[in-house]
Every structure is written in C-alpha cells, then in structure tokens.
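Remarks on the overall topology
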Amino acid sequence: MLQLRDSTGPATVVRRADYTAPAFWIDTVHLCFDLDPAKTRVLNKMTLRRNPDVPAAALRLDGDDLNLARVLVNGAGTSFKMDSGQLVLENLPEGNEPFALEIFTTCAPVKNTKLMGLYVSNESFFTQCEAEGFRRITYFMDRPDVMASFTVTLRADKEKYPVLLSNGNLTDSGDLDDGRHFATWIDPHKKPCYLFALVAGKLVCREQHIISRSGKEHLLQVYVRPGDMDKTEHAMQSLIKSVIWDEARFGLPLDLERFMIVATSDFNMGAMENKGLNIFNTKYVLANQATATDVDFANIESVVGHEYFHNWTGNRITCRDWFQLSLKEGLTVFRDQEFSMDLCADPSARAVKRIEDVRVLRTAQFPEDAGPMAHPVRPDSYIEINNFYTVTIYEKGAEVVRMMQTLVGRAGFAKGMTLYFARHDGSAVTCDDFAQAVADANPDSALAKLLPQFKRWYSQAGTPRLAATATYDAEAHTYTLNFAQSCPATPGQESKEPFVIPVSLGLIGAASGAALPLQVHGQSNVGDSHLFVMTQASESITFEKVLEEPVPSILRGFSAPVVVDYAYTDAQLLALLANDPDPFNRWEAGQRLALLIAIKYIASDAGGSSAIGQNDTYISAMRAVLRHPTLDAAFKELVLTLPSETYIADQLEVIDPQRIHAVREAMREQLATALFEDWQWAYAAHSQNGAYQPDTLSSGRRALAGLALNYLCLAARSSGDAIWPGKAYQRFKDADNMTDRFNALNALVQSGHALATPALARFHSLFQFEELVLDKWFALQAGCTDRGGQVLPAVRQLLKHPNFNIRNPNRARSLIFSYCSANPGAFHRADAAGYVFWSEHVLELDAINPQVAARLARALDRWKKLAEPYRHAAQAALQRVAAKADLSNDVREVISRALA
Ligand code: PHE
Ligand code: ZN
C-alpha cells in the first residue's frame, strides 16, 4: 500500500466497484457567508432525510481545511466525531422524516493557494468546487449524486466587494451596518455541490438580453475586472451562438433567466460550468485583436460553448460518481467540437477543425494511453480524482461519443440525446445509461446490436492498432482489405478483447487518381465511401468491380481512435495527398510521408542536418500543395507543418529526444530553403487581409503567412540573408493584430536571429500590463528552439523576472510547463539539467498547488522509453521527487505510477 496523507487523512484507493448510494439525501441547503479574506464565516443550514433504499448508517460529511465551530441537529447540540477528515454523526433522528442540520465553520480564503474551495484572486472572492472542493467551504456530502436546492446569502464590505454573485436568481439585496451589504440568490434547479459557485468583488459586466425560440427572455452577463471590458465582446458573441446552436441542433434551450460568465486570472483549469455562474480562466474570455491571436479567439468560442453545453450535459443530467466523469466531459467535448464545426462556413473549414482535434488526441492522448497513467475512459480506480481530468476522459471520451454518432447517424444521435434527457433529466447517472439511451433510440443500428462489445471503449485502456494488408486481383477485379486489430497491455489490463471499430473506407485509383466507386459483395450501395464496422480480431472486406489497382484510404475522417498500420509506399501516399476526396486522409498522407523520412534519418547513424538527403519527391509534393489553386490556406498550413517531436517520438520504440529534434529541425530547414521562392510567394499572397476578423477563412490566411515567414527567417539563417528578418521585424512593429505580430516575433525568435532580442524587449514594454500577453512572452522564450542549450539558462533567468509569479497557474504554465512539457529538444539534456529543473519545480509547486504540480509531474511519464543517458537521469529525477516525505496525493499518485 502507498503511504499517503494530506489534511483529509491517509490517501486511499477509491474503486468504482465500491459505489453505494448515499445513506442520506440533502434536500435543501441555505448557505450564509460573511466574506472576509482572512476569516470567512460560513453558516450551513440543511434539511436531510434518510435514504429509505439503503441500510441505516451514520451520516458522514466531508470536510477539508475547515475550522468547525458548531453543529446543531433540529436546533439542539449533538455529539459527533471526526474520522479521516469527515464529520460523523451517529445519533440522528430515527425514521424517514426530514431533520435540520446546522453547521458553522470558518475558513481562510487568502491562504488558499490550492485554488480549490473559496479563494481570493486580485482582491476578489471566487470558488472552485469540482471535483471535491466544496468540502473546503463547508461540511457536506461532497459527491455528485447528492443533489440539493441551494439558497445562498452573501454578506461583504460594499466598497471592496460591490458585486455579489451566486447560482440562480437574485431574490433580495440591500445594505447592512458598517458599510456592508448583502445579496440572496436562489437556484431554481437542484444540483450537486460541485456546481456551487460564488463570486464577490470589484467587477464590471457586459450584458445583453436575448429572447430564445420559445419567446423567453434571458439576461446574459460577462463579468471581468474594470479595464477588461474592451475584451468581452467575443465571449458574449460566443455565448449567444452557443445558446442558439444547442437549441437548433439538439432542442436544448437555456433553462435560466440569467446566465453569467465571470473571468479570473487565477484558475487551475480552463473554465468551470457552475450552474448559471460559469467561472472562467481569463485566457478563455478576454480577447481583442490587439491582445489575442486567432487561436485564442477560436479557443474562447469553443470553451464558452463547452461550459454552456454542460448546462444540459453535466448539470441537468450529472454523474453518479467521478468514475463517470467522461459521461459529461467526453459528451461535452464532442458537443463543443460539433459546435465549432457547425459554425464553419464550408466543408474544408470543418475538416481543418477535425484535423486539429485529431492532432491533439494523437500528440497528447495516445502517449497517455501508452504510458504509466493509462486508464480507461471510465476508470476503475483512482487515488486523487483531480489526476483524472485527462485527455483520455475528455478527448478520447469525445471520440467514443463520435463513434456512436457514426454508427447511428447524425439524426439517430439526436434521437438518442432526446431519449437520454427523457429518461434521466434531473438525475445522476452512468456512462452505461448514456450508451443505452443512444442504442435504444436506434434499435436497428449497429450500435444497438453491438452495444456490450462497443462499451469496451469505456472499460479497456490503450490505443488499438489496426494492421491492414491488401490484395488486388486484376483479373477478377476484386480488391480485398484484411484487417487485424490488437491493443497493447496497459497498467492493470494485460489482455484486451476486440473493439467495435468503425472504419470509414475509400479507394483511389493508383494511376488515375480517381475516387473509385465501391461495390461490396451482396450489398447494393455503391458510393465512394463505405463504413466497415469491424468487430472481430481479424476480418476482411472485398470490393468488387474494381477496374484499376487502388490505393486504400483507410479511417477517413479519423473514424475511430486507433493507429492504422499499413505499409504505404511513397507513391501511394503521393496519390492520396494529391487526390483523396477525404481531406483528413489527404492531410494524413502528407504527415505519413514526413514521418517516413523522419524515422529513416532518426534510425540512421549519421547525425546533423547534412545527413538528411534530398527528399525530392517529398519537397515537390509539398510545393504542389502550397501552390495548389483551390486548397484553402488553413489546410495548406496543416499539411506543411511537420509532425511534432512528441508525435514522432510516439512512433518509436526508443526515444532519443535530441536525435528527433535534430532531424526534425533539419527537415524544417530543408523545407525552408528548398521552397524558398514558394514561401516568398505564399507570404506575399496571404499577408494582406484587410480589416481584422477572426473568422476561419482569414485566420487560415494569417496562419499560412505566419508559417511562410517562419520558414523564410529560417532559410535566412542558413543563407545569412538579412532581408527576411528585417521584414519580419517590420511586420512585428506594424501589425494591427496580435496574430500577425506574434507570428512575426515567433519567426525571429525561433530562427535565433539577432533581431529577436530587441523585438522581445519591445513586445514586453508594449504589453507589460497585459497578463495574458505576458504569458505568451514567457511561453515563447521557454518554448524556443534549442541551439546548443541556451533555453534552460534563459528560463532560469526568467524565473527571476519581476513579472514571474509561480503562484499564478497561467504564469507557471507559461514558463515552467512550456519548457518541461512542450519543448522536448530543450528539456531532455544529456547533462540532466532539464530534469533537475523539473524536480525542483514539481516540489516547489506541490507546496503551493498540488493540482498544478501533478500536471507538471507528468512531463516524465514516458521516461522508460528514453534512450540513455536520458532514461537513467529521468529515473533519478523521479526518485528525488518520490523521496520527499510529505508529497500531496496528487503528485504521489503520478510519481508512483511512473516508477511502478
Ligand atoms: N469541468 C470543467 C470543464 O470541463 C473542468 C474543470 C475541472 C474545471 C475541475 C475546474 C476543476 O469544463
Ligand atoms: Zn467540461
């Protein structure tokens, strides 16, 4: 057993199989807060009743870091005891009648550096309760299946905290003695306590009234610090679009009179879907063209959508227990992805969004699924639930929902959602309940027929591999694809049963490049795409009337979260890159071509850039895409961006990060110089875009111009030419928007040009009062291409910069994470200095904010795959962290799994 403890007692492994329904229900809660940074007083008056469906037991209330002053049952004192942080009441009234429980506690928000529970940020109060933060506010049954009606009264100094917010509707407010005031909020919806929120402080808001389809009026508000009002328009527009979309696509209307978003600069995650009072990291709210990039604008739209969509998928129907987290997160990520795609003006922009989402899945989730923290979409156990807000729960969970939609169709999926709400609205349910509803709404679908097997996607971890081989019979005109699936062992799961894998297929004429019509034996449908639903360990499919030798286009649109192993030749990949009507596989062909080259040179002995050969076919294929008359700019930018070092590493058995870095850099230099004239053309053709708008079309043009400038400065580096760095500097100075300005700065910094220094200084002085822009400034330097080890000393220097503050999670991420988790070429040093830096900061952060520390701890997840000397050095660093006696459960769980 692991020896773990924190203020709530020794850590224990929580198991899904141990779930039992609560012994009590909490019907109503009335919370009264006297807000004070040093000592906030919380009076919690509840009505409870025994749950008649389970055997009688003591009432156990969770608590963490609270000072308990009083407990009254039906107005009278009572006996209680403390057990592993829980408040235990044994002598409660018998019978099923409701009784009153009153608990008075205090806490110290100003000392709360974990940012869980009630905390202070920039002199305002905020709360964060998911997953288990409510217990840091008051004693409660802190579990999502206990849903109560909340009434909240806030009292605070009126001058310091003019705005007092909580969930639901404002029913009363007014002045009190000694300059204090109060506000009372009643939430009309029952909710689990993790959706509770309060905010108090000096905030201003942008507001708008809207009338929804049903004719109901709603008030939408976006609260920010004074001075940030000019950065709220995009969030408001995103919210309005979200309301319209959920009603149009799924028939889900806004169920509140008032919907509020509040931004805070101290936040552990992206944002939180508290009922009617979403609290956001400023990064996902604040934007204007001077301070935010196109990517920021797009992220804000999708995160605002994500939190809004939780109002139904998460809040109206919530999770029975935290093992079901993907019930709300996988589904809501799927919904926000669909939202962003539906907002795209054309199919090409939809495909670009899909490629971006898959890129995240493959560079972050696939490695997770192959490492020590691998877990199923519905985990079986955890020590610290905060460690399970992962790309597996979110992104792979979304892929599982997407496969369901693929199997039942878009309309069938909408019917499934309707049935899900008809059955479960207002309750706390499981992933099984969701899958069952989608299947039951589509009784004739493949999903309904295969449901138990399909649900292995929830229970089995690991990324399945789909190995394909093909035979073409030129005489019989038949083409057979043979598939074999397998899934590697993951911690606690040695062998896996076959998955249901929807494989979207097409065939391209190897010579003609034409999309070939598909005829499957015994089936009447002839189209040029076919959905093959694989269920066995190995299976094949034969196409008939195939008149020319084809190239297979496998897993179109990335129809399942698997790795496809097919021994494509260069010629076949070139055919797909030039002709596949499926844009995803067209992009994929380009990535595979680049990977083949990268892997070949990584494996070869010769080091250095001179060793990477001519690669003429690859270069001309890239030129053809770049110069293509009809492909759009955003798509070109994706094709011409090489696979990341992390993704390349994930393809290899043994990872030599320096070798990967050197080869990828050599390939970038080759693309830069060999396509020099093409990049000049691309820059000229895409850098003038008129008045700034963050729409997909002009964002794509800016992205391609940015990539071109990057390559042009890189080429200038080898040729010694000063023209392009000069132009980049000019662009940096003159740009009227952050995207162009930052891309120009990035081009100078990444190419290591001398002008990078004055540009960085100028950027800092221009934006020294813009926190989010300063984050970019730190991140750019920490993420800079390493040339001889200069990045780490620069990062150490930046730790001492007056604008650095390790307590602010965004700032810590911008400097420390950008170096340790996002810059492998600089982090994995032969002298182990990167790992020393990492272990120091995991420990330093752990004492401040264990959640943030545990995320940093994951930077060495894949250490066992490293080549020497990295492997031993990484192990030593992990052991140094493990040796610390009083680690948080969060960090302890990550480190012990890594070392196991
Ligand atoms: N539930 C939030 C979301 O996905 C994420 C979150 C988790 C935020 C835990 C804070 C704490 O939108
Ligand atoms: Zn979410």
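It should be emphasised that the depicted structure is a prediction, and the values quoted were computed from it without experimental measurement.

Scoring rules and cut-offs
Residues numbered from 1 in each chain as written. Chains lettered and ligands numbered in written order. Predicted model: local features only at pLDDT ≥ 70, side-chain atom pairs only at ≥ 80, totals over all residues. Heavy atoms only, no water. Helix = DSSP H or I, 4+ residues; strand = E, 2+ residues; numbered from the N terminus. Rg over C-alpha atoms; globule rule 2.2 N^0.38 Å. Buried < 20%, exposed > 50% of the residue type's maximum accessible area, 1.4 Å probe, protein only. Contact = heavy atoms within 4.5 Å. Areas by Shrake-Rupley, 256 points an atom, 1.4 Å probe, with all protein chains shown as cover. Pairing = 2+ DSSP bridges. Axes fitted to C-alpha atoms, helices over the stretch in contact; angles between N-to-C directions. Near = heavy atom within 4 Å. Polar contact = N/O pair within 3.5 Å; in protein donor to acceptor, adjacent residues only side chain to side chain. Nonpolar A, V, L, I, M, F, W, Y, C, P; charged D, E, K, R; others polar.

Details of the overall build of the chain
Along the chain, the regular secondary structure elements total 27 helices and 36 strands. For the chain, whose C-alpha radius of gyration is 28 Å, the value lies close to the compact-globule estimate of 29 Å for 900 residues. In terms of overall dimensions, the chain has C-alpha extents of about 90 × 70 × 60 Å along its principal axes. Of all 900 residues assigned to the chain, the portion counted as buried reaches 60%. Residue pairs at least 24 apart in sequence account for 70% of intrachain contacts in the chain once pairs closer than 6 positions are excluded. On the chain, roughly 33300 Å² of surface is accessible, and the fraction owed to carbon and sulfur atoms is 52%.

Considerations on the sheet that holds strand E6 (residues 59–61)
Ordered in space as E6-E10-E9, the three strands form an open sheet in which the pairing is antiparallel. Each end of this open sheet is capped by a strand with a single partner; those strands are E6 and strand E9 (81–83). The sheet shows a mean angle of 30° between the axes of neighbouring strands, taken without regard to direction. With three bridges connecting them, E6 and strand E10 (residues 86–89) associate as antiparallel partners. Within E10, the position partnered with Arg60 by the bridge is Val88.

Remarks on the site of ligand 1
In the vicinity of ligand 1, 13 residues are found, and the nearest of them are Glu130, Glu273, Glu307, Glu329 and Tyr394. One of the side-chain N or O atoms of His306 is found 3.3 Å from an oxygen atom in ligand 1. Between ligand 1 and Glu329, the relevant distance is 3.0 Å, taken from an oxygen atom to a side-chain nitrogen or oxygen of the residue. Against a free-state accessible area of 330 Å², the protein chains account for coverage of 96% of ligand 1. Listed by contribution, the elements that provide at least two residues to the shell around ligand 1 are strand E23 (271–272), helix H2 (294–309) and helix H3 (325–342). Residues that form the shell around ligand 1 fall into these classes: five nonpolar, three polar and five charged.

Any functional reading would require information beyond the geometric quantities listed.
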